[in-house]
Amino acid sequence: MHSSYAKTAKSICFYYNEVDSVRELINFDRVVLDPANVTPKQIQTLKNTGVTVYAYLSVGEFDENVPESLKPSVKSHNDEWDSAVMDVSDENWHKYLEKQSALLKKAGFEGLFLDTLDSYYLYADEDENPEYFEKQVNGLKDAVEKIHKILPNLIFNRGFEIFPRISFKPKAIAFESLYKGYNASDNTYTDVSEEDRKWLLEAVKPALKQGVEVIAIDYLDDTDQKKRTELAKKIAELGFTPYVSDGMLYGFGTSYVYCIPKRVLTLYDGRFSSQLISAAHTRIATPLEYLGYAVDTVDINSLNYSTIDKTRYAALVTYFDSVSSFTDHPEFDKYVQTHIGYIPMLFLGTIPQDPKTLNALGMQYGAEVPPPYRLHKDDVLSKGLLNPHFSKLDQVNALTISKKDGFKSLVYIENQKGNTSTLVFKAPWGGVAVSPYPVESLNNNTDTWLVDPFVFLDKMLNLPKIVAADATTESGRRILTSHVDGDGFPSRSWFKGTPLVSEVLYEHVFKGIDVPHTVSIIQGEIAKDGLYPKDSNMLEDVARKIFELPNVEIASHTFSHPFNWDMRWLDSNLIYGEHLNIPGYKLDYNKEMKGSIDYINTRLAPKGKKVKVFLWSGDANPTEDMVVKIDKLGIQNLNGGNTTIKKGEESLTNVSPTVCWYKDGVQVYAPQMNENVYTNEWTEHYDGFARAKETYELTGSPRRLKTISIYYHMYSGTYEASLKALTSLYDYALSQEVTPLFISDYARRARTLYETGLSKDLNGTLHITSTGIRSIRVPKSFGYPVSSDIVGFNDAIDGYYMILNKKRNTVRFTKDHKIKAELKSANGIVEKWNRLGSKIEFAFKSYVPLTVSLWSDSRCQVVSSTGFDHTREGYVDTFSTDEKGLISGTFICNQVRN
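Residues numbered from 1 in each chain as written. Predicted model: local features only at pLDDT ≥ 70, side-chain atom pairs only at ≥ 80, totals over all residues. Heavy atoms only, no water.

### So, the environment of Pro40
Point 1. Locating Pro40 in the fold gives a position in helix H2 (residues 40-48).
Point 2. Overall, the relative accessible area of 62% leaves Pro40 in the exposed class.
Point 3. The spatial distance from the C-alpha of Pro40 to the C-alpha of Phe109 is 9.2 Å, given a sequence separation of 69 residues. (Helix = DSSP H or I, 4+ residues; strand = E, 2+ residues; numbered from the N terminus. Buried < 20%, exposed > 50% of the residue type's maximum accessible area, 1.4 Å probe, protein only.)

Below is the structure:
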């Protein structure tokens, strides 16, 4: 591709599959979608990132069951696509097209892609009946003119005959199969004849002469991205906008950019668990997230095999406890048998049982290997970790693997007779780890990795290194948040005078420690219709006093604190019952969510403040429909997960993923757990919460897996020991380089972690599109990031943390850090960063006194109405002020290099 194309040309994607996520579509400048397969929310998200969204509209055909009102307009049938061919001169059909155009405009589409413009050739012959043929051409012209009046942003698919006759210029004219075509009847890809190509090139000349963009859609399967890129470059050299994709336009093709596959498909069995508690989610998602991949955790019972393609998926992982998850799904065996080597596959826990599948994968089961066993393992995978425990009751059938190149046994057992069985092995197509690998459940009700998950996944899947969307960092510094579940608000403390625990926290934490706090209440604990109606006035006054503090953000922690949000997996032995025992109350999730929020907004919130966050209660394992309910209320949600890692319990099974992602909603997990898990369910060691410092350290190094999140309940204000432990965590956190944020700020970033776009243009330059993420971690092997789009970056132990301030960014990398004036870090949010020669106009929103550090090859100065102290050490200028809030000004650095 000529270098100028990358700067001026607009990429396009034609995608007719169901839109489950916009993470790939946001990589393109324009997208053409089947309107039946996209939601209004997705359309708006695309538009928010600068994507122009077109709807597909068939002008010449109707591809579903034709309604009675349109049957008189049917003229023929398209056998290849099994669709009705419509009379394009028929007024009734015109009215239908006008109505559809108006509905699509109302739905949020900004333009239309008009397809099947030449279908009238199937029923009208120019040589046999030229007058009738002319009538069809004019009828088509009239139909398109009417559509243009409703939605003027139009792309034609062909329509060469009407182009000279219409009164407007379309945005573009597209045509298919310049070099490569597709035959839908037998699903084959074909070469286009030179004669057909010459005809197309001649047909588009009138459009080119009038300066209309020409889009060439060619077809290649997804097995070789290099071939797609070469074909796209070849098309672009002719002056056409390229798009090369599969024949059904079900995957993500190559235009001036192409997507970097960043999804990993992980399968669980919904008959035995929900997505949220499945091993595929709780064990595998954390390391994959860190590596930059979006984890699609899908129930095998509802798996759509047509969506497993190389343009979106980098690998496939199964993690089942029961072999029935394989034996009950023979269609999965067939898929595996026909797709070995297509994308890497990793089978965990159990493996397929079908002999044909096993044979195709290069393994087979043999006779039983009786215990006792001796373990042989590759120390690279599990150095320093526990070995699995085997008992005399274990029954292991010998698993043997192929001796062909690419197969390697990494862990196996051997009995006294020399019989062996492989537990973990690497194969050319991926690998296997059978139970008890890779994670063993211990007798103390905890799980532990028996292998290093990062080394293991890297060895088994050979995932390409990519830049990682990151929710742990803001402006180059680790995020600090503080949020409080309302439990115990009315309780009395053991301090002198027995004040309410909520009053203790008000005095010593919320008012006394000037960082952002997100504070919630349980309505049923303080309202008149709750547990303590006689004390309600007093309790509400305390809540109002807390919510009035400028550094406090308001949250709801429900009406009655339900202990379960998914009745499918309800534990009949709930320790505390189904919810708080409020007289006469029957569980109503609408009252728990919207009702509690409305109560706070109308009764407790000061003027100008509203509830920003809903904090899940109990097991904090809501179903997707519960998450969607909160999303529709327009507030953030948080809690859940189980990050409890500490010294002596360092397994990454104790670090939860960032989110549980659903198509229509996202549950954001609490970055770390609360004081309950450090005090044996608040029964002993009331100073135990101080050990959360260990959690912060272990999730910060050697990899920054989590923010620093001080998460606790109101009852932490009960004892002197518990309060001291709590305040020690604030002391520790504020001694670190952190950016304090409200938990809603964090949640807005975390929920978009999976919907961050990665792509490359035809020159190989990386493109990053953000729907909310402000931080991108770059592996140090890539080199230093260089871009006029990014604000800067900070250097950390596990990578370079790029700071974003734009939705669309292009980045390249260099091995040498050529120092220029750019942001290294700040403890506030970047609101503005404009380079003007040697000057940088800035604005930061800071919840604490602002500190800003710049990389610079010359000493910088600041011009601002705010007074700053300035220090310089090496190539870093640091500016500090006692003020917070929205702070703006100009940095002047004499040798800024653009």
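### Some details on the nonpolar core
Point 1. In this structure, Phe347, Val424 and Phe456 are the most contacted members of the largest nonpolar core, which totals 111 residues.
Point 2. At six residues, the largest contribution of residues to this core is made by strand E17 (residues 313-319).
Point 3. For Phe456, the contacting residues outside a window of four places in its chain are Leu346, Leu348, Leu381, Val424, Ala433, Pro438, Trp449 and Val451.
Point 4. Counting residues in each nonpolar core, the second largest holds 86 residues, with Val31, Phe113, Tyr123 and Ile155 among its members. (Core = buried A, V, L, I, M, F, W, Y, C linked by side-chain atoms within 4.5 Å. Contact = heavy atoms within 4.5 Å.)

### A word on the sheet that holds strand E52 (residues 885-893)
Point 1. Across the sheet, four strands lie side by side as E46-E47-E52-E49; this open sheet has antiparallel pairing. One side of each edge strand has no neighbouring strand; the edge strands of this open sheet are strand E46 (829-836) and strand E49 (860-863). Shown here is a sheet whose adjacent strand axes are inclined to one another by a mean of 25°, direction ignored.
Point 2. Bridge analysis of E46 against strand E47 (residues 839-846) gives seven bridges, and the strand direction is antiparallel. From the neighbouring strand, Val830 faces E47, where its bridge partner is Phe844. (Pairing = 2+ DSSP bridges. Axes fitted to C-alpha atoms, helices over the stretch in contact; angles between N-to-C directions.)

### Remarks on the pattern of salt bridges
It is possible for side chains bearing opposite charge to pair when their charged atoms get close.
Point 1. Scanning all chains against the criterion turns up 38 salt bridges.
Point 2. The salt bridge partner of Glu202 is Lys205, with a shortest N-O separation of 3.2 Å.
Point 3. When its relative accessible area of 48% is taken as the criterion, Glu202 is described as partly exposed.
Point 4. Classification of Lys205 as partly exposed rests on a relative accessible area of 39%.
Point 5. Among the salt bridges present, the one from Asp529 reaches Lys591, with a minimum N-O distance of 3.7 Å. Note that Asp529 is positioned in the loop between helix H16 (523-526) and helix H17 (536-547) and Lys591 in helix H18 (residues 589-604), a separation of 62 residues in sequence. (Salt bridge = Lys/Arg side-chain N within 4 Å of Asp/Glu carboxyl O.)

### So, the packing of aromatic side chains
Point 1. All chains considered together, the criterion is met by 51 aromatic pairs.
Point 2. Their ring planes at 65° and their centres at 5.3 Å tell us that Tyr121 and Phe133 sit as a pair that is edge-to-face. You can see Tyr121 sitting in the loop between strand E7 (111-115) and helix H4 (130-150) and its partner Phe133 sitting in helix H4, a full 12 residues away along the chain.
Point 3. The class for Tyr121 is partly exposed, based on a relative accessible area of 40%.
Point 4. Its relative accessible area of 4% is what places Phe133 among the buried residues.
Point 5. Ring geometry for Tyr712 and Tyr730: centres 6.5 Å apart, planes at 85°, overall edge-to-face. Pair noted here: Tyr712 is in strand E36 (residues 708-713) and Tyr730 is in helix H21 (residues 720-734), with a separation of 18 residues, a long-range link. (Phe/Tyr/Trp six-rings, centres within 6.5 Å; stacked < 30°, edge-to-face > 60°.)

### Thoughts on a nonpolar patch on the surface
Point 1. A grouping of Trp81, Met248 and Tyr250 is seen on the molecular surface, where their side chains present a nonpolar patch of about 270 Å² in accessible area.
Point 2. Structurally, Trp81 can be placed in the loop between strand E5 (74-78) and strand E6 (83-86). (Patch = residues over 30% accessible without salt bridge, like charges linked within 9 Å, V, L, I, M, F, W, Y side chains within 5 Å. Areas by Shrake-Rupley, 256 points an atom, 1.4 Å probe, with all protein chains shown as cover.)

### A look at the state of the cysteines
A covalent bond bridging the sulfur atoms of two cysteines is what the word disulfide describes.
Point 1. Taken as a whole and assessed by the stated rule, the structure comprises one disulfide.
Point 2. In this model Cys860 forms its disulfide with Cys893; the gap between the sulfur atoms is 2.0 Å. Handedness of the Cys860-Cys893 disulfide follows from its S-S torsion of about 115°: it is right-handed. Within this pair, whereas Cys860 is found in strand E49, its partner Cys893 is found in strand E52, the two being separated by 33 residues in sequence.
Point 3. Among the residues examined, Cys860 registers a relative accessible area of 1% and is labelled buried.
Point 4. With a relative accessible area of 0%, Cys893 lands in the buried category. (Disulfide = S-S within 2.5 Å.)

### Let's talk about the side chain of Asn157
Point 1. Looking at where Asn157 falls in the secondary structure, it is placed in strand E8 (residues 154-157).
Point 2. Looking at Asn157, its side chain comes within polar contact range of the side chain of Asp115, at 2.5 Å.
Point 3. Discounting chain neighbours no more than four positions away, the residues touching Asn157 are Phe113, Leu114, Asp115, Leu117, Ala174, Phe175 and Glu176. (Polar contact = N/O pair within 3.5 Å; in protein donor to acceptor, adjacent residues only side chain to side chain.)

### A look at H2
Point 1. For H2, the set of buried residues is Gln42, Ile43 and Leu46. Down the axis of H2, the smallest arc covering the buried residues is 105°, so these residues share one side.
Point 2. Elements that come into contact with the buried residues of H2 comprise strand E2 (30-33) and strand E3 (52-58).
Point 3. Remark: Gly50 follows H2 within two positions and exhibits a positive phi of approximately 90°. (Arc of directions from axis to C-beta.)

### Points about the sheet that holds strand E44 (residues 808-814)
Point 1. Pairing is antiparallel in the open sheet, where five strands are placed in the order E14-E38-E39-E44-E41. Each end of this open sheet is capped by a strand with a single partner; those strands are strand E14 (257-259) and strand E41 (784-786). Adjacent strand axes in the sheet meet at a mean angle of 40°, parallel and antiparallel pairs treated alike.
Point 2. Pairing of strand E39 (residues 766-770) with E44 involves four bridges; the strand directions are antiparallel. Counted as the bridge partner of Leu766 is Val811 from E44.

### Examining the pairing of strand E30 (residues 517-521)
Point 1. The buried fraction of E30 is high, at five of five residues.
Point 2. Where burial is concerned, the two faces of E30 agree: the one with His517, Val519 and Ile521 and the one with Thr518 and Ser520 are both buried.
Point 3. With two bridges connecting them, strand E29 (residues 477-485) and E30 associate as parallel partners. The partner of His483 across the bridge, within E30, is Thr518.
Point 4. Here E30 runs beside strand E31 (residues 552-556); their pairing, made up of five bridges, is parallel. In the strand pairing of E31, His517 is matched with Val552.

### Points about unusual backbone geometry
Point 1. Cis geometry is adopted by the peptide bond preceding Pro438, which originates at Tyr437 and carries an omega value of 0°.
Point 2. Relative to the assigned elements, Pro438 resides in the loop between strand E24 (430-434) and strand E25 (439-441).
Point 3. The omega angle of the peptide bond from Ser701 to Pro702 is 5°, so this bond is cis rather than trans.
Point 4. Topologically, Pro702 is positioned in the loop between helix H20 (692-698) and E36.
Point 5. Not every positive phi belongs to a glycine, and Arg158 is a case in point at roughly 65°.

### Focus: the environment of Ile260
Point 1. Along the polypeptide, Ile260 turns up in the loop between E14 and strand E15 (263-268).
Point 2. Of the residues examined, Ile260 reaches a relative accessible area of 15% and is grouped as buried.
Point 3. Counting along the chain gives 433 residues from Ile260 to Lys693, while the straight-line C-alpha distance between them is 37 Å.
Point 4. Residue contacts for Ile260: discarding those within four places in its chain leaves Ile466, Leu758, Ser759, Lys760 and Leu766.

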